[in-house]
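# An overview of the molecular structure
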Amino acid sequence: MKTREELNGMSQEALVELILELQKCLSEENDNSLFWINKHSEEKTRFESFRRAVKSLVTLVE
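The shown structure was predicted, so the numbers you read here are calculated from the model rather than taken from an experiment.

### Looking at the overall build of the chain
Each helix and strand in the chain was counted, giving 2 helices and 0 strands. With respect to the three principal axes, the spread of C-alpha positions in the chain is 75 × 15 × 5 Å. Each of the 62 residues in the chain was classed as buried or not, and the buried ones make up 2%. Of the accessible surface of the chain, which amounts to about 6,200 Å², a share of 59% is contributed by carbon and sulfur atoms.

Okay, here's the thing in structure tokens:
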């Protein structure tokens with residue numbers, strides 16, 4: 001993270017480059033977060049399916 005003094009000392013072109021770089025990083029982090037949210041949802045669905053299957057088996061055995 002740059003300090004206020006460093007930002008004030010930067011040229012407009014350098015600031016634009018920094019902004020573009022930060023936007024790219026933010027976009028990548030957002031994509032990464034969405035990936036893990038989707039993975040969690042998939043695993044939760046798989047677990048619920050497994051749980052229902054085991055519950056059905058237990059009901060059949062009784």
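Having seen the structure, we can now continue with the description.
### A short note on the packing of aromatic side chains
Throughout the structure, instances matching the rule amount to 1 aromatic pair. Consider the rings of F35 and W36, whose centres lie 5.0 Å apart with planes at 80 degrees: the pair is edge-to-face.

### A word on the pattern of salt bridges
Summed over the entire model, instances satisfying the criterion amount to 3 salt bridges. For the salt bridge of E43 with R46, the shortest nitrogen-to-oxygen distance reads 3.1 Å. Taken as a pair, E43 and R46 lie in helix α2 (residues 12-61) at a separation of 3 residues, close to a single helical turn. Here E43 falls in the partly exposed class, since its relative accessible area comes to 43%.

### Side note on a nonpolar patch on the surface
On the surface, a nonpolar cluster with roughly 390 Å² of combined accessible area is contributed by F47, F50, V54 and V58. Relative to the assigned elements, V58 resides in helix α2.

### Some points on the environment of V58
Its relative accessible area of 44% is what places V58 among the partly exposed residues. Expressed as a C-alpha distance, the spacing of V58 and K44, which sit 14 residues apart in the sequence, is 21 Å.

What counts and how
- Residues numbered from 1 in each chain as written.
- Predicted model: local features only at pLDDT ≥ 70, side-chain atom pairs only at ≥ 80, totals over all residues.
- Heavy atoms only, no water.
- Helix = DSSP H or I, 4+ residues; strand = E, 2+ residues; numbered from the N terminus.
- Buried < 20%, exposed > 50% of the residue type's maximum accessible area, 1.4 Å probe, protein only.
- Areas by Shrake-Rupley, 256 points an atom, 1.4 Å probe, with all protein chains shown as cover.
- Phe/Tyr/Trp six-rings, centres within 6.5 Å; stacked < 30°, edge-to-face > 60°.
- Salt bridge = Lys/Arg side-chain N within 4 Å of Asp/Glu carboxyl O.
- Patch = residues over 30% accessible without salt bridge, like charges linked within 9 Å, V, L, I, M, F, W, Y side chains within 5 Å.

By themselves, these observations are geometric and do not establish any function.
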